[in-house]
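The chain contents come next:
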Amino acid sequence: MARYCASNACLMCEALFQLRGVRKEYGARAVLQIDALEIFAGEILALVGPSGAGKSTLLRLLNFLETPTSGQLVYRQTPFENISLELRREITTVFQRPVLLNTSLRANVAYGLQLRGARHEARIDEMLARVGLATMARASARKLSGGEMQRVALARALVIEPRVLLLDEPTANLDPYNVALIEEIVRAQHHERGTTIVLVTHNLFQAKRLAQRVGLMLNGQLIEIADAPAFFDAPQDARTAAFVRGEMVY
Amino acid sequence: MVFDLMDDLARGFTQALQLILGGDAALLEIVALSLRVSFIALLIAMLFGIPLGAALGLSRIRAQGLITILLYTGMGLPPVVVGLFVYLLLSRSGPVGALGWLFTPTAMIVAQVIIAFPLVAGLTMTSAASVDPQLRLQARALGATRVQEAWAVLREARVGVIAAIVAAFGAIISEVGAVMLVGGNIEGKTRVLTTAIVLNTRTGDFELALALGIILLALAFVINGALLRLQRVSDV
């Protein structure tokens with residue numbers, strides 16, 4: 001399964017994730033029903049849609065934090081039932097509400113490496129510098145602002161050099177300075193390392209700025225997915241067109 | 001009357017200093033046994049109580065409600081009732097009387113474990129349950145195994161876990177009912193600070209009783225101070 005994608009790092013991209021008939025239910029309530037979706041290596045895919053559309057649930061499935069109720073979820077030719085710890089550790093998520101450990105910034109950034117039994121002091125320093133927090137390395141994570149916390153969470157995710165980075169509304173409720181900084185870091189990570197990024201956002205402008213492909217989710221279903229220019233300028237589905245126009249769609 | 005009490009306290013304090021500075025052999029033996037019994041009991045309670053408390057705080061099991069009620073009840077167990085229970089177990093006609101543990105430090109340790117265990121497990125459970133559930137998801141998203149996830153939660157709950165250890169230590173180092181019943185307060189064998197205080201009070205040797213009380217308080221102060229320091233050091 002190969003496809004042309006717009007990433008500079010990868011011109012013929014393999015499908016990293018393949019989803020077929022993936023369904024997630026909580027009790028009797030179905031929250032996600034994806035008939036077919038492929039996510040390609042090296043791309044930035046943005047998922048947009050109203051709250052409760054199933055975007056975050058999809059991210060949790062992609063990070064193997066939850067298992068589908070039914071259907072096929074394949075990562076690098078491995079069905080989710082057989083995903084090893086090693087494969088799972090190629091993927092990480094930055095959540096909308098960052099939860100930091102009650103310790104120093106540096107220890108927080110080092111946490112993912114520590115879980116892997118790895119020590120890369122220089123990489124930790126580099127990441128702290130990249131998110132603009134090098135001078136606060138020894139400070140307590142409890143003393144940070146929301147924007148700083150999210151930057152630490154991003155550094156903590158990037159320091160493990162993930163193959164896939166899942167971003168669940170990473171800039172929601174942040175000021176424009178932090179939004180711009182985080183977007184720049186994400187863009188640089190993608191450009192330099194070719195990291196596959198799946199971004200969940202309510203912000204259509206952010207999706208437009210960052211993503212190569214964009215998908216609209218409604219009521220747990222993927223309504224339309226297309227290259228960013230086509231998604232915004234020539235949507236095929238009436239609901240996508242309405243959503244892009246800023247209208248409420250359900 | 002007030003002056004008498006102050007005089008007694010002053011004399012008790014002076015005598016405590018003399019006993020400590022003079023390296024009184026009998027006193028040292030009592031202090032050493034008190035610490036040995038309570039530390040071993042605390043370690044055993046921690047060994048089983050912290051994992052159980054963490055497991056209960058992190059997951060939902062079928063008998064969770066019942067176990068929680070039992071633990072909370074255990075946290076308020078009167079030591080003398082524990083002593084009676086252990087006495088009956090270990091007495092010659094009891095179910096494990098053949099062990100010959102009654103009136104030995106081992107029996108005292110058993111009784112103190114029963115007192116300390118619900119405190120350690122119950123308070124650890126509360127601390128672990130109060131950690132933001134999102135932390136586990138975040139740890140897992142960063143590649144944590146189930147064990148690493150649990151460890152991350154325990155680390156976050158460390159202030160509460162140390163408080164549990166402090167509470168348990170305070171309860172057992174100061175309790176008298178259980179160790180008196182199952183240890184017997186035998187001089188040179190099972191006499192600890194609390195039972196020695198009771199004995200000296202009964203025999204009218206208030207100065208020595210006060211001296212022992214002051215030593216007990218000082219020990220509790222130093223050990224709790226050390227635990228508090230550990231709590232602060234880990235809370236960076």
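See above for the structure.
All residue numbers here refer to positions counted from 1 along the written sequence of the relevant chain. For this description, chains carry letters from A and ligands carry numbers from 1, given in the order in which they are written. Only residues with pLDDT of at least 70 get local features here, since the model is predicted, and only at 80 or more are side-chain atom pairs given and counted; chain-wide, interface and lining totals rely on the full set of residues. Computation of side-chain values covers all heavy atoms of the structure but excludes hydrogens and water.

1. A word on the overall build of chain B
Item 1. Regarding its fold elements, chain B presents 11 helices and zero strands.
Item 2. The helix count covers DSSP runs of H or I at least four residues long, the strand count covers runs of E at least two residues long, and both are numbered beginning at the N terminus. Of the regular secondary structure in chain B, the N- to C-terminal order runs α-α-α-α-α-α-α-α-α-α-α.
Item 3. In terms of its C-alpha atoms, chain B occupies a principal-axis envelope of roughly 65 × 50 × 30 Å.
Item 4. In chain B, which comprises 236 residues, the share counted as buried stands at 44%.
Item 5. Nonlocal contacts in chain B, meaning residues at least 24 apart in sequence, comprise 74% of its contacts between residues at least 6 apart.
Item 6. Of the roughly 12100 Å² that chain B leaves accessible, carbon and sulfur atoms contribute 72%.
Item 7. Working convention for charge: Lys and Arg count positive, Asp and Glu count negative, and His plus the chain ends are omitted. By convention, the charge on Lys lies at NZ, on Arg at CZ, on Asp at CG and on Glu at CD. Charged side chains in chain B number 15 positive and 13 negative. The centres of these two groups are separated by 16 Å. Between buried and exposed lies partly exposed: a residue is buried under 20% and exposed over 50% of the maximum accessible area for its type, with that area taken using a 1.4 Å probe on protein chains only. Throughout, a residue-residue contact means that at least one pair of heavy atoms, one from each residue, lies within 4.5 Å. Accessibility throughout is a Shrake-Rupley quantity obtained with a 1.4 Å probe, and a residue counts as covered only by protein chains that appear here.

2. Some points on the packing of helix 5 (residues 105-129) of chain B against helix 8 (residues 158-173) of chain B
Residue and element names in this part refer to chain B.
Item 1. Axes here mean lines fitted to C-alpha atoms, for a helix over just the part in contact, with angles spanning 0 to 180 degrees between N-to-C directions. Two elements in contact, helix 5 and helix 8, have axes whose closest approach is 8 Å; the angle formed by their N-to-C orientations is 160°. Accordingly, the angle class assigned to the pair helix 5 and helix 8 is roughly antiparallel. The element helix 5 and its partner helix 8 pack so that their crossing is right-handed. Taking contact as the criterion, the partners of Gln112, Ile115, Ala116, Leu119, Val120, Leu123, Thr124 and Ser127 in helix 5 are, on helix 8, Gly160, Val161, Ala164, Ala167, Ala168, Ala171 and Ile172. Orientation labels follow simple angle bins: below 35 degrees gives roughly parallel, above 145 gives roughly antiparallel, 65 to 115 gives roughly perpendicular, and whatever is left gives oblique. Handedness of each helix crossing follows the sense of rotation of the near helix against the far helix: counterclockwise by less than a right angle gives left-handed, clockwise gives right-handed.

3. Looking at a nonpolar patch on the surface
Item 1. Residues form patches when they are more than 30% accessible in relative terms and have no salt bridge. Like charges link within 9 Å. Nonpolar side chains (Val, Leu, Ile, Met, Phe, Trp, Tyr) link within 5 Å. Here, a salt bridge means any Lys or Arg side-chain nitrogen found within 4 Å of an Asp or Glu carboxyl oxygen. Together, Val80, Val81, Leu84, Tyr87, Leu88, Phe103, Leu181 and Ile186 of chain B make up a nonpolar patch on the protein surface, roughly 620 Å² of accessible area in all.
Item 2. The greatest single-element share of the nonpolar patch, amounting to five residues, is contributed by helix 4 (residues 79-90) of chain B.

4. Some words on the interface of chain B and chain A
Many descriptions give the size of an interface as the accessible area lost when the pieces come together.
Item 1. Facing the 19 residues of chain B at the interface are 26 residues of chain A.
Item 2. Values labelled buried area give the accessible surface lost by two parts on being combined, using a 1.4 Å probe and summing over both. Of the roughly 2000 Å² buried between chain B and chain A, counting both surfaces, carbon and sulfur atoms make up 50%.
Item 3. Here chain B and chain A share one salt bridge between them.
Item 4. A salt bridge links Arg97 of chain A to Asp132 of chain B, with the shortest nitrogen-to-oxygen separation between them at 2.7 Å.
Item 5. Think of a polar contact as two N or O atoms within 3.5 Å of one another; within protein, one of them needs to be a possible hydrogen donor and the other a possible acceptor, and neighboring residues in sequence only count if both atoms come from side chains. The interface formed by chain B and chain A contains 12 residue pairs in polar contact (both at pLDDT 80 or more).
Item 6. Those elements giving two or more residues to the side of chain B that touches chain A turn out to be helix 6 (133-141) and helix 7 (146-156) of chain B.
Item 7. Ranked by residue count, the leading element in the side of chain B that touches chain A is helix 6 of chain B, at seven residues.
Item 8. Any residue that is not Ala, Val, Leu, Ile, Met, Phe, Trp, Tyr, Cys, Pro, Asp, Glu, Lys or Arg is counted as polar, Gly included; the first ten are nonpolar and the last four charged. Split by residue class, the side of chain B that touches chain A holds eight nonpolar, five polar and six charged.

5. A closer look at the packing of aromatic side chains
Item 1. In this scheme Phe, Tyr and Trp rings, the latter by its six-membered ring, pair at centre separations within 6.5 Å, and the angle between planes marks the pair as stacked below 30 degrees, edge-to-face above 60, and tilted otherwise. In total, this model carries five aromatic pairs over all chains according to the counting rule given.
Item 2. On the numbers, 5.5 Å between centres and 25° between planes, the contact of Phe39 of chain B with Phe169 of chain B is stacked. Taken as a pair, Phe39 of chain B in helix 2 (residues 25-58) and Phe169 of chain B in helix 8 lie far apart in primary sequence, 130 residues in all.
Item 3. In this structure Phe39 of chain B comes out as partly exposed when scored by relative accessible area, which is 35%.
Item 4. Here the aromatic residues Phe17, Phe64 and Tyr75 of chain A are joined through ring pairs into a cluster of three or more.
Item 5. Charge over a ring is defined by NZ of Lys or CZ of Arg lying within 6 Å of the ring centre and within 35 degrees of the ring normal. Across from the ring centre of Phe232 of chain A, 5.2 Å away, lies the NZ or CZ of Lys208 of chain A, which sits over that ring.

6. Focus on helix 5 of chain B
Residue and element names in this part refer to chain B.
Item 1. Each residue after the first adds 1.5 Å to the expected span of a helix. For helix 5, built from 25 residues, the straight-helix expectation of 36 Å at 1.5 Å per residue is met to within 8% by its first-to-last C-alpha distance of 35 Å.
Item 2. At Ala116, helix 5 shows its strongest bend, of approximately 30°, with the proline Pro118 following within four residues.
Item 3. Among the 25 residues of helix 5, 18 are classified as buried, and the element is accordingly described as predominantly covered. To get the bend at any residue, fit one axis to the seven residues that end at it and another to the seven that begin at it, then take the angle between the two axes.

7. Some remarks on unusual backbone geometry
Residue and element names in this part refer to chain A.
Item 1. One non-glycine residue with positive phi stands out, namely Arg76, at about 50°.
Item 2. Counting through the fold element by element, Arg76 comes out in the loop between strand 5 (70-75) and strand 6 (78-79).
Item 3. Unusually for a residue other than glycine, Asn219 sits at a positive phi of about 50°.
Item 4. Following the sequence through the fold, Asn219 ends up in the loop between strand 10 (213-218) and strand 11 (221-227).
Item 5. According to the relative accessible area criterion, Asn219 is exposed, its value standing at 58%.

8. A short note on the side chain of Asn102 of chain A
All names here are of chain A.
Item 1. Mapped onto the fold, Asn102 is located in the loop between strand 7 (91-94) and helix 3 (105-115).
Item 2. For Asn102, a relative accessible area of 14% puts it in the buried group.
Item 3. Reaching out from Asn102, the side chain makes a polar contact with the side chain of Arg142 at a distance of 3.1 Å.

9. Comments concerning helix 8 of chain B
Counting along an α-helix, one turn takes 3.6 residues, and residues three or four places apart therefore face a common direction.
All names here are of chain B.
Item 1. End to end, helix 8 covers 22 Å across 16 residues, agreeing with the expected 22 Å (1.5 Å per residue, within 8%).
Item 2. Restricting attention to buried positions, one finds in helix 8 the residues Arg158, Val161, Ile162, Ala164, Ile165, Ala168, Phe169, Ile172 and Ile173. Projected onto a plane normal to the axis of helix 8, the buried residues spread over an arc of 150° and lie on a single side. Directions from the helix axis toward the C-beta atoms define the arc.

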